[in-house]
Amino acid sequence: MIKLPSKYKAILGTRETEHAIVAIKDFFQLALSTELNLTRVTAPLFVDAGKGINDDLNGVERPVSFPVKDLGDAKMEIVQSLAKWKRLKITSLGLEPGFGIYTDMNALRPDEELDAIHSIYVDQWDWEMAIDPKDRTVFYLHEIVKKVYRCIQRTEFFLYDRYPQLKPILPKDIKILYADDLQRLYPKLTPKEREDKVAKEYGAVFITGIGGKLDDGTIHDGRAPDYDDWITECGDGHRGLNGDILVWNPVLERAFELSSMGIRVSPESLKAQLEERGCPERAKFEFHSRLLNGELTQTLGGGIGQSRLCMFLLRKAHIGETQVSVWTDEIKADCKKHGIELL
């Protein structure tokens, strides 16, 4: 359980917070779309079950599912993210490299462990762009990371310009790091402790290579095997063409993930990752078979948490201050005790 701050007072009241949330969301999505050449598309709330389109996250989370009467009780699943759906959309639109899409994604993750930064309701900007296969490099990935970070910085200043009490704290540059280097430097720390250490030191970091095995046989964090490429060699002994943007959260005094992103699997890396995770049978799904047959556009994409970004920029102590969800009686009592007003 994430420890709430003992002395906390929200900088903005509930009404100001609601207004600020709208301002943040309007500004950030415009900044992101212009920075990355993204056009807005409409996203599904649910997808067909059994076709491999829904995001399996770490491979163990259960999606919410339901039958549809007029489709002969065919089973549908509420999306957990749109990682694979976006690649299908890019392919169907026939977008050229350097252009992409973004969408306002709403998802349910009922197996999420609820705390100050995790909710069963997930709202994020899901984005995806077509790339040339020659740009399947960690250097190209890091160029895009820096562009996304600049959008976050600009949004922080935009908010400060309207609410001077919300002083900017993000550093000028984001530090690029590798998960395997962190494991070698801090072998006695857990992955989360490593994140806390480097986020506090640098203020903002991108940890590259999440999901693949590290030197000690562990992984930095879970990743499904069928969207991000975490197995490809990317130079200097490193593996992985994906990662997370983390910032130091001074309210919770811990690393705080704002975005997960990566270059998507090629047919070769998909096959290798399915084998490494022991689930080669997924190759039979419609999405996977199309990818393995070379029918899908090569893409790079990710997600940026809307409530997470608002929580960080507004210096909130709990994600329930920037979104409406459900919480245990224990969490609600703890928030009340710490002066946290849930929406």
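Residues numbered from 1 in each chain as written. Predicted model: local features only at pLDDT ≥ 70, side-chain atom pairs only at ≥ 80, totals over all residues. Heavy atoms only, no water.

**Q** What should I look at first to understand the packing of aromatic side chains in this one?
**A** In this description, a pair of aromatic rings is defined by centroid distance and the angle of the planes. The tally for this structure, following the rule as stated, stands at 5 aromatic pairs. Judged by centre distance (4.3 Å) and plane angle (15°), the ring pair of Phe 27 and Phe 158 falls under stacked. With Phe 27 in helix H1 (residues 14-36) and Phe 158 in helix H3 (residues 138-162), this residue pair connects regions lying 131 residues apart in the sequence. Residue classification places Phe 27 among the partly exposed positions, given a relative accessible area of 25%. (Phe/Tyr/Trp six-rings, centres within 6.5 Å; stacked < 30°, edge-to-face > 60°. Helix = DSSP H or I, 4+ residues; strand = E, 2+ residues; numbered from the N terminus. Buried < 20%, exposed > 50% of the residue type's maximum accessible area, 1.4 Å probe, protein only.)

**Q** Help me understand the UniProt feature "domain: Aminoacyl-transfer RNA synthetases class-II family profile" (unreviewed entry) in the protein, please; the structure alone is not making it clear to me.
**A** UniProt feature "domain: Aminoacyl-transfer RNA synthetases class-II family profile" (unreviewed entry): in the numbering of this structure it lies at residues 99-329. Taken end to end, residues 99-329 comprises 30% helix and 25% strand; its first and last C-alpha atoms sit 46 Å apart. (UniProt positions renumbered as here; feature names shortened; annotations may be inferred.)

**Q** What am I meant to see in H1 here?
**A** Owing to its 3.6 residues per turn, the α-helix aligns residues three or four sequence positions apart on the same side. Along its 23 residues, H1 runs 33 Å from first to last C-alpha, staying within 8% of the 33 Å computed at 1.5 Å per residue. Among the residues of H1, those classed as buried are Thr 17, Ala 20, Ile 21, Ile 24, Phe 28, Ala 31, Leu 32, Ser 33, Glu 35 and Leu 36. Its buried side turned inward, H1 meets strand S1 (38-40), strand S5 (100-108), strand S6 (121-130), H3, strand S13 (299-305) and helix H8 (306-313). (Expected span 1.5 Å × (residues − 1). Contact = heavy atoms within 4.5 Å.)

**Q** Sorry, what's going on with the pairing of S13 here?
**A** Burial within S13 is extensive, with 7 of its 7 residues counted as buried. Side-chain alternation along S13 places Thr 299, Gly 301, Gly 303 and Gly 305 on one buried face and Leu 300, Gly 302 and Ile 304 on a second face that is also buried. Here 7 bridges tie S6 to S13, and the two strands are oriented antiparallel to one another. Considered in S13, the bridge of Trp 125 is made with Ile 304. Direction of pairing for strand S12 (residues 254-263) relative to S13: antiparallel, over a ladder of 5 bridges. Counterpart to Ser 259 in the pairing with S13 is Ile 304. (Pairing = 2+ DSSP bridges.)

**Q** Just to check I follow, could you spell out the environment of Arg 223 for this structure?
**A** Positionally, Arg 223 belongs in the loop between strand S8 (204-208) and strand S9 (233-235). Residue Arg 223 is classed as buried on the basis of its relative accessible area of 6%. For Arg 223 and Ile 210, which are 13 residues apart along the polypeptide, the C-alpha to C-alpha distance reads 7.0 Å. Among the polar contacts made by the side chain of Arg 223, one reaches the side chain of Asp 244 at a distance of 2.4 Å. A polar atom in the side chain of Arg 223 sits 3.1 Å from the side chain of Ser 260. (Polar contact = N/O pair within 3.5 Å; in protein donor to acceptor, adjacent residues only side chain to side chain.)

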